[in-house]
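Remarks on the overall topology
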Amino acid sequence: MSFLPRMRRALRIDRPDPKRHAAREVDDELAFHLESRVRDLVAQEGLSEEEAGARALAEFGDVERAGRELRRETRRAERGLRVGAMLDRVVRDMRFGARRLRRRPLFTVAAAVTLALGIGATTAIFSVIDGVLLRPLPYTDSERIVALWHASPGIGVERTNISTGTFFNYLEENRTLEDLALWDNVQVTVTGLDEPERLDGLLVTSRFLPLFGVRPAAGRFFTAADDAPGAPATVIISHAYWQSRFGGDPGVVGRTLVVNGGPIEILGVLPSTFRFPGYETAVLFPFRLDRSEATVGRFNYQALARLRPEATIEQAHADLASVLPRAVEKFGGWEMERLEETGLTPLVVPFKTDIVGHVGGALWLVFIAVGILLAIAIANVANLFLVRAEGRNREVALRTALGAGFGVTARELLLEGVVLGVVASALGWALAYGALELLHAVGAREMPRVDEIALDGRSLAFTLGVTLVSVLGFSLLPLLRYARSDLQLALRGGDRGLAAGRSRSRSGLAAGQLALALVLLIGAGLMVRSFGALTDVDPGFERPEEVVTFRLFVPTAEVPGLANAVETHRRIVEGIGGIPGVVEAAVTNSVPMDGRNNNNGVLVADFPLAEGDAAPSRRHKFVSPGYFRTMGNRVLAGRTFTWDDAFRRRTVAVVTADFASEYWDSPSDAIGKRILENSTGPWKEIVGVVEPVHDDGVERGAVPTIYWPLLVADFWGMEEFGFRSVVYAVRSSGPPPTSLLPRIREAVWGVNANLPLANIQTLASIEARSRARTSFTSALLVVAAAIALLLGIVGLYGVVAYTVSVRRREIGVRMALGARRLDVTSMVVRQGLALAGVGVLGGLAVAAALTRLMRPLLFEIDPVDPWTYAATAAALALVAVLASYLPGRRAASVDPVRVLREE
């Protein structure tokens, strides 16, 4: 075999393969160049064909390798051309779709706005859920940070803090915790800068900040030496306070702040990225606990810990439970018998769970609601596309007959939907942004992690995913209709059967929209009724909008001696009481629903405990004279306190009626009876009974409470007990209570000019926060239900109006044969009611299954409340009648002569 045939075989030119057309062209080109070189060598140098072939191959190098590389380059170029052509087709079809949408502005605006409402609502709620529930906390290995609590099932206490004895015991004995720290929130007075100011701060042990994995922006953090009793006074300031008060001066470390009347050295500055959840912390102080004074029994401290990398929460719980008895042995305060009676056990809770609390259920419920709203929006847009598809039926049939193919039509319709989806997602993104800005502006300060809620890359990805689902949702139904269309029938114009099929599809979509709208209406109705039930609860105080509260602290450096501090409060109360417009003023350690709770066991004379039982835990409050009149808390029997009760340290108490009813038949029977707050002090006499108070919020039951004078002796094992930091409550008549604040400040500073007011708020705002979750959920569900109802009714109206247009000839014939206008209108309304009936039945069934998930969010309302179900179903039916009446009237106005002539 000569050289050239062998070369052609090696290059596979002679192999017939239609799929290798480009490869054959490459091989042909290589063979041509080789053959030309071989002929030149034979003609010019007289070489044989074999010698010329060998030399040509040597000159060309590895021909087969060159061929393979050239073939690969050719294939890449072809793929690029194919991709480019495909992209060109996509861009061309999207431009075509955009032009079609632009030619129908009413259709485009209606579809885009409808879809944008669904996309925007779901994006906004997803961003909230993502920021609050899904994202990890912004700390290093945040999943290992846990909160430590205790439970005492033996005395009915679900959760309480830890004591100093248990803290030191866990610190020394545990095998599963890498770090352990105590913290508590405090308020301090800072003077010497401009005017005195009240700052929120934290008391922390030395391992608190390292537990979060943060580093100082300037200076250093606390060490064990700083946290030791007797160490020099030091403070760490927040980055925001550093910027606002010191202008970010790097020389701030080493300077002093005058805190509570004494100088304290600034040790360091927190980084700008550190936020402690739930607190606007400006200053941090070392706790300086004395281990020699640690005890088990006063569970007043909050604790955080970091698990070791290999430890789980279950292992940590078992570990701490195993070492807990040693705390009693090492630090005392409790006996082993009491430990067993109370059933005291540690609780290890993920810090994120501890922060989020019970808000997760409400957020997921709202997310389900807006998901239903999105489904209604998609169904509405699908109905619009079906109507539009009806007008394009003959056009599509003609293009298909001319060879366009169903794939071309499908691609154009999908890309037109993509264009609409892009517009709707942009509008939805803007709506979501506005909704989140409104959320930050009005509120929801009670929502945990609210500062971490934002639109970001994750939200954008979610929006794009929702948009894709939406586009597929409203585009597929018209596509399926086109796929099932009869080409011959459509070209002849005989497509009434097809129109009837589309009418059934649109009717099904409309009924589905109404069913989903009813589900949202029922959910919103249940939440509204629940909120109404909350507002009907008597909280134990009256007209809270007339009461303003603020916290005031009298430092030891300003007023030495606890009795003198209480005297200062008395003078301030009297000064405020003399302000025109002030009805009453008083002080307390805690106003109702402010979250500052103090619970301890109480013994009742004549009702001894059974052997092995622990004293039941009760709420304790310390109040001044006038407190019950200020709060509007009615006195049911006996009397309240006087200032003499406090300054003479009288052993008296006032209790709530629910506490009295546990032991005696009537409130008056409790007067003169004796109680004891611990097992060593003198018995205290009950001198008054007041109405119960919902101290933990109106969603929870009233809390049996014992009130004590502002200053008491021999209490909880202390020789004298009282408060320097108290809450003032001032009730006004006529003007808003906050308008009196300038005069109140003058009264305070008239007694001591270094006492700033802090935490100024009305009692009404405190009460409103107790309903915040219910009101927040109710408001969002009502908005979602209203939009869903509007979309559902629009969908129903569209279906009925479309059916009327399809049946126009039939209606004309009926009227020509003597049908009355009322008969035609009734026929159309009945059709709308039939659709609404299907929607109502489906909605009731779905709601009965879904609303059971709402049980934890409802207050005194059953998830399957018949009144709510009946009222919302009737309201939906009534609105359906109205939506059907307008097309019915238009149908009744048809001129039968004109219709018959048109046919």
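Provided above is the structure to which this section pertains.
So, here's what we can say about the structure.

How each quantity is defined
- Residues numbered from 1 in each chain as written.
- Predicted model: local features only at pLDDT ≥ 70, side-chain atom pairs only at ≥ 80, totals over all residues.
- Heavy atoms only, no water.
- Helix = DSSP H or I, 4+ residues; strand = E, 2+ residues; numbered from the N terminus.
- Buried < 20%, exposed > 50% of the residue type's maximum accessible area, 1.4 Å probe, protein only.
- Contact = heavy atoms within 4.5 Å.
- Areas by Shrake-Rupley, 256 points an atom, 1.4 Å probe, with all protein chains shown as cover.
- Patch = residues over 30% accessible without salt bridge, like charges linked within 9 Å, V, L, I, M, F, W, Y side chains within 5 Å.
- Salt bridge = Lys/Arg side-chain N within 4 Å of Asp/Glu carboxyl O.
- 1 Å grid on protein atoms, 1.4 Å probe; cavity = no way out; pocket = protein on both sides within 12 Å on 5 of 7 lines; lining within 4 Å.
- Points joined across faces, edges and corners; volume = space filled by probe spheres on them.
- Nonpolar A, V, L, I, M, F, W, Y, C, P; charged D, E, K, R; others polar.
- Axes fitted to C-alpha atoms, helices over the stretch in contact; angles between N-to-C directions.
- Left-handed = near helix turned anticlockwise from the far one by under 90°.
- Core = buried A, V, L, I, M, F, W, Y, C linked by side-chain atoms within 4.5 Å.
- Phe/Tyr/Trp six-rings, centres within 6.5 Å; stacked < 30°, edge-to-face > 60°.
- Arc of directions from axis to C-beta.
- Pairing = 2+ DSSP bridges.
- Lys, Arg positive; Asp, Glu negative; His and termini not counted.
- Charge placed at Lys NZ, Arg CZ, Asp CG, Glu CD.

Of the regular secondary structure elements, the protein chain holds 28 helices and 25 strands. Expressed as a percentage of the 903 residues in the protein chain, the buried residues total 49%. Sequence separation of at least 24 residues holds for 80% of the intrachain contacts in the protein chain that already meet a minimum separation of 6. About 40900 Å² of surface is accessible on the protein chain, with carbon and sulfur atoms providing 56% of the total.

It is worth spelling out a nonpolar patch on the surface at this point. Side chains of V109, V113, V423 and L427 sit close together on the surface and give an oily, nonpolar patch of about 300 Å² of accessible area. Elements represented by at least two residues in the nonpolar patch include exactly α5 (105-134) and α14 (406-442). One can find V113 in helix α5. The exposure class assigned to V113 is partly exposed, which follows from its relative accessible area of 40%.

Turning to the environment of A377, a few remarks are in order. Within the secondary structure, A377 is located in helix α12 (residues 359-391). Once residues within four sequence positions are removed from consideration, A377 is found in contact with T114, L115, G118 and L791.

Taken as a whole and assessed by the stated rule, the structure comprises 34 salt bridges. As a salt-bridge pair, R458 and D130 come within 2.6 Å of each other at their nearest N and O atoms. Remark: D130 occurs in helix α5 and R458 occurs in helix α15 (residues 457-483); sequence separation between them is 328 residues. Taking relative accessible area as the criterion, D130 reaches 1% and is therefore assigned buried. Across the salt bridge formed by E173 and R326, the nearest N and O atoms sit 2.6 Å from each other. In this pair, E173 is assigned in helix α6 (residues 164-173) and R326 in helix α9 (residues 313-331), connecting sequence segments 153 residues apart.

Turning our attention to empty space enclosed by the protein. A full pass over the atoms with the stated rule returns 4 cavities of 30 Å³ or more. Roughly 140 Å³ of volume is contained in the largest cavity. Every residue along the wall of the largest cavity is listed here: L365, I368, A369, I372, V519, L520, G523, L781, L850, T851, L853 and M854. Those elements that place two or more of their residues in the lining of the largest cavity are α12 and α17 (496-535). Among the elements that take part in the lining of the largest cavity, α12 stands out by supplying 4 residues, more than any other. Class assignment of the residues belonging to the lining of the largest cavity gives a composition of 10 nonpolar, 2 polar and no charged.

Right, let's get into the packing of helix α18 (residues 562-577) against helix α22 (residues 741-751). Running from N to C, α18 and α22 point in directions that differ by 145°, and their axes come no closer than 9 Å. Remark: the crossing between α18 and α22 carries right-handed chirality. Touching T568, R571, I572, G575 and I576 of α18 are I744, A747, V748 and V751, all from α22.

Right, let's talk about the nonpolar core for a bit. If you look at the biggest cluster of nonpolar residues, it comprises 51 residues, and the most contacted ones within it are I576, F622, F659, I675, Y728 and I744. Considering each element in turn, this core owes the most residues, 6 residues, to α18. Listed in part, the 48 residues of the second largest apolar core include L365, A517, L520 and I811.

What follows covers the packing of aromatic side chains. By the definition in use, this model includes 31 aromatic pairs. Ring centres of F208 and F212 lie 5.1 Å apart, and the angle between their planes is 65°; on these two criteria the pair is classed as edge-to-face. Using a relative accessible area of 0% as the deciding quantity, one classes F208 as buried. On the basis of relative accessibility, which here comes to 1%, the residue F212 falls in the buried class.

Of the positions making up α22, those classed as buried are L741, I744, A747 and V748. All buried residues of α22 project into a common sector of 115° when viewed along the axis, lining one side. Opposite the packed face of α22, turned more than 90 degrees from it, sit the exposed residues E746 and G750. For α22, the elements touching its buried residues are β12 (547-553), α18, β24 (725-732) and β25 (758-762).

The general pattern is negative phi for most residues beyond glycine and trans for most peptide bonds. Even without glycine at this site, M593 takes up a positive phi of about 70°. For M593, the position within the fold is in the loop between β13 (582-588) and β14 (599-601). For M593, a relative accessible area of 12% translates into the label buried. Non-glycine residue R649 carries a positive phi angle of around 55°. Within the secondary structure layout, R649 lies in the loop between α20 (643-647) and β18 (652-656). R649 gets classed as partly exposed once you look at its relative accessible area, which sits at 26%.

Where helix α25 (residues 808-816) contacts helix α26 (residues 821-850), the axes come no closer than 10 Å and their chain directions differ by 145°. Considering how the two elements wind past one another, α25 and α26 form a crossing that is right-handed. For the pair α25 and α26, contact is made by I811, R814 and M815 and by R821, V824 and M827, respectively. When grouped by side-chain class, the residues that make up the contact of α25 with α26 number 4 nonpolar, no polar and 2 charged.

This paragraph deals with the pairing of strand β1 (residues 145-152). The element β1 is largely enclosed, with a buried count of 8 among its 8 residues. Every second residue of β1 is oriented toward a common face, with I145, A147, W149 and A151 on one face and V146, L148, H150 and S152 on the other, all of them buried. Pairing analysis gives 6 bridges linking β1 to strand β11 (residues 345-350), with the strands arranged antiparallel. Paired with W149 across the bridge in β11 is L347.

Let us now look at the pairing of β12. Side chains on a regular strand alternate between the two faces of the sheet. Of all 7 residues in β12, 7 are buried; the element is thus mostly enclosed. Here β12 shows two buried faces, one formed by V547, T549, R551 and F553 and the other by V548, F550 and L552. The pairing of β12 with β25 spans 3 bridges and is classified as antiparallel. Among the inter-strand pairings, V548 is bridged to a residue of β25, identified as T762.

Quick look at a positive patch on the surface now. On the surface, a cluster of positive charge is contributed by R95, R99, R102, R103 and R104. Within the element layout of this structure, R104 appears in the loop between α4 (63-103) and α5. Since its relative accessible area comes to 46%, R104 is described here as partly exposed.

Before going further, it helps to examine the side chain of T281. For T281, the location among the structural elements is in the loop between β8 (262-269) and β9 (283-286). Accessibility expressed as a relative area gives 16% for T281, which makes it buried. The residues touching T281, leaving out its near neighbours within four places in the chain, are D200, G201, L202, S238 and F276.

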